[in-house]
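Fold and contact review
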Amino acid sequence: MTEARHITYAGYLALDDLLDAQRPHSDQHDEMLFVVIHQTKELWLKQMIHEVALAQSLVRGGDLVPAYKSLARVSRIQAVMTQSWDVLATMTPADYLRFRDVLGSSSGFQSDQFRRFEAMLGLKDAAFLRHHVDRPHAHDALKAAIETPSLYDDALARLAAAGLAVPQAVLDRDVSQPYAADPGVEAAWLEVYRDPRRWWELYQLAEKLVDLDDALLTWRHKHVVTVERIIGRRMGTGGTAGVAYLTGTLSRRCFPELWSLRTRL
């Protein structure tokens with residue numbers, strides 16, 4: 001306790017290390033903004049992963065109500081991340097093109113934390129592992145997220161534990177593979193939504209999951225708009241198709257049956 005009294009604000013937050021981490025590769029003014037936006041995104045991703053991990057442990061243990069707080073926090077963080085695109089959009093195409101060449105083959109799609117977050121929600125894609133062979137700790141963390149049950153797998157297990165008819169094939173599936181929507185799962189969630197008072201905790205969990213999916217889709221959409229505003233339809237760094245690649249991600253759903261059941265209510 002005595003030692004804690006001597007901790008300063010800068011020391012507690014390791015500010016010297018944190019503020020020394022912005023190292024633009026050019027002398028162009030706007031590159032600092034580009035670096036700060038993306039580093040901030042990675043810090044928020046670290047916190048979101050931290051929160052989803054807690055939520056998963058609570059859901060797996062059947063303790064659903066405390067999990068809502070972590071999931072709600074993630075949705076709020078996603079909203080902040082979405083707003084950050086507006087800050088980046090103050091950078092004009094001419095501003096960006098002055099330093100774009102120093103980015104080389106680096107690209108945001110190589111973010112191991114973003115792919116880990118996606119995998120924890122249920123969007124599994126082992127193809128992204130190849131981008132992290134030079135960083136074993138990042139590679140192993142992403143691999144573990146791909147190979148273990150996702151938050152959605154945990155939610156489906158709770159549905160089954162509550163006595164709802166989740167198909168056994170879904171419960172026994174290879175969780176390292178991308179999840180495919182199942183009519184039996186939709187029927188189980190539909191029962192929850194048709195009688196929310198009886199299944200209140202599961203109903204609230206489902207709505208928290210939809211909040212996450214909604215926020216992720218909103219973030220993706222704003223990403224597409226911002227990138228098109230700054231680089232148009234150019235190829236993206238890292239060899240992606242740029243806006244065309246990003247637009248393709250807008251159809252992804254982490255929890256597909258929670259969307260499709262609404263048509264049947």
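Since the structure is predicted, the reported quantities are computational estimates derived from the model, not experimental observations. (Residues numbered from 1 in each chain as written. Predicted model: local features only at pLDDT ≥ 70, side-chain atom pairs only at ≥ 80, totals over all residues. Heavy atoms only, no water.)

Observations regarding the overall build of the chain
For the chain, the helix and strand inventory stands at 13 helices and zero strands. Starting at the N terminus and ending at the C terminus, the chain contains elements arranged as α-α-α-α-α-α-α-α-α-α-α-α-α. In terms of overall dimensions, the chain has C-alpha extents of about 60 × 60 × 35 Å along its principal axes. A burial count over the chain gives 44% of its 265 residues as buried. When the accessible area of the chain is evaluated, it comes to approximately 14,200 Å², of which 55% is carbon and sulfur surface. (Helix = DSSP H or I, 4+ residues; strand = E, 2+ residues; numbered from the N terminus. Buried < 20%, exposed > 50% of the residue type's maximum accessible area, 1.4 Å probe, protein only. Areas by Shrake-Rupley, 256 points an atom, 1.4 Å probe, with all protein chains shown as cover.)

What about unusual backbone geometry?
A positive phi is found at Ala14, a non-glycine position, where the angle reads about 50°. In this fold, Ala14 is placed in the loop between α1 (9–12) and α2 (15–19).

Points about the packing of helix α3 (residues 31–60) against helix α4 (residues 64–88)
The N-to-C vectors of α3 and α4 enclose an angle of 165°; their axes lie 9 Å apart at closest approach. Regarding the angle of α3 to α4, the classification is roughly antiparallel. Every pair of crossing elements has a handedness; the one defined by α3 and α4 is left-handed. For the contact of α3 with α4, a count of residues per class yields 21 nonpolar, five polar and three charged. (Axes fitted to C-alpha atoms, helices over the stretch in contact; angles between N-to-C directions. Parallel < 35°, antiparallel > 145°, perpendicular 65-115°, else oblique. Left-handed = near helix turned anticlockwise from the far one by under 90°. Nonpolar A, V, L, I, M, F, W, Y, C, P; charged D, E, K, R; others polar.)

Here we look at the environment of Gly232
In this fold, Gly232 is placed in the loop between α11 (200–231) and α12 (243–248). Its relative accessible area of 22% is what places Gly232 among the partly exposed residues. Along the primary structure Gly232 and Val243 are separated by eleven residues, whereas in three dimensions their C-alpha atoms are 7.5 Å apart. Those residues in contact with Gly232, other than ones at most four positions away along the chain, are Val227 and Val243. (Contact = heavy atoms within 4.5 Å.)

Quick word on the packing of aromatic side chains
Inspection of every chain in the model, using the stated rule, returns nine aromatic pairs. For the ring pair Trp200 and Tyr203, a centre distance of 5.7 Å and an interplane angle of 35° mean the geometry is tilted. Residue Trp200 and its partner Tyr203 are both found in helix α11; the two are separated by three residues, about one turn of the helix. Overall, the relative accessible area of 48% leaves Trp200 in the partly exposed class. Pairwise contacts between aromatic rings join Phe34, Tyr96 and Phe99 into one cluster. (Phe/Tyr/Trp six-rings, centres within 6.5 Å; stacked < 30°, edge-to-face > 60°.)

Topic: the side chain of Asp213
Checked against the element boundaries, Asp213 lands in helix α11. Arg253 provides the closest opposite charge to the buried, unpaired Asp213, separated from it by 5.4 Å. Within the structure, Asp213 has its side chain in polar contact with the backbone nitrogen of Cys254 (distance 3.0 Å). Aside from chain neighbours lying at most four places away, what touches Asp213 is Arg253, Cys254, Phe255 and Trp259. (Lys, Arg positive; Asp, Glu negative; His and termini not counted. Salt bridge = Lys/Arg side-chain N within 4 Å of Asp/Glu carboxyl O. Polar contact = N/O pair within 3.5 Å; in protein donor to acceptor, adjacent residues only side chain to side chain.)

Describing the environment of Val80
Residue placement: Val80 occurs in helix α4. Separated by 36 residues in the primary sequence, Val80 and Trp44 have C-alpha atoms spaced 9.0 Å apart.

Looking at the side chain of Ser75
Among the secondary structure elements, Ser75 is positioned in helix α4. Not counting residues within four places of it along the chain, the set of residues in contact with Ser75 comprises Asp211, Leu212 and Ala215.

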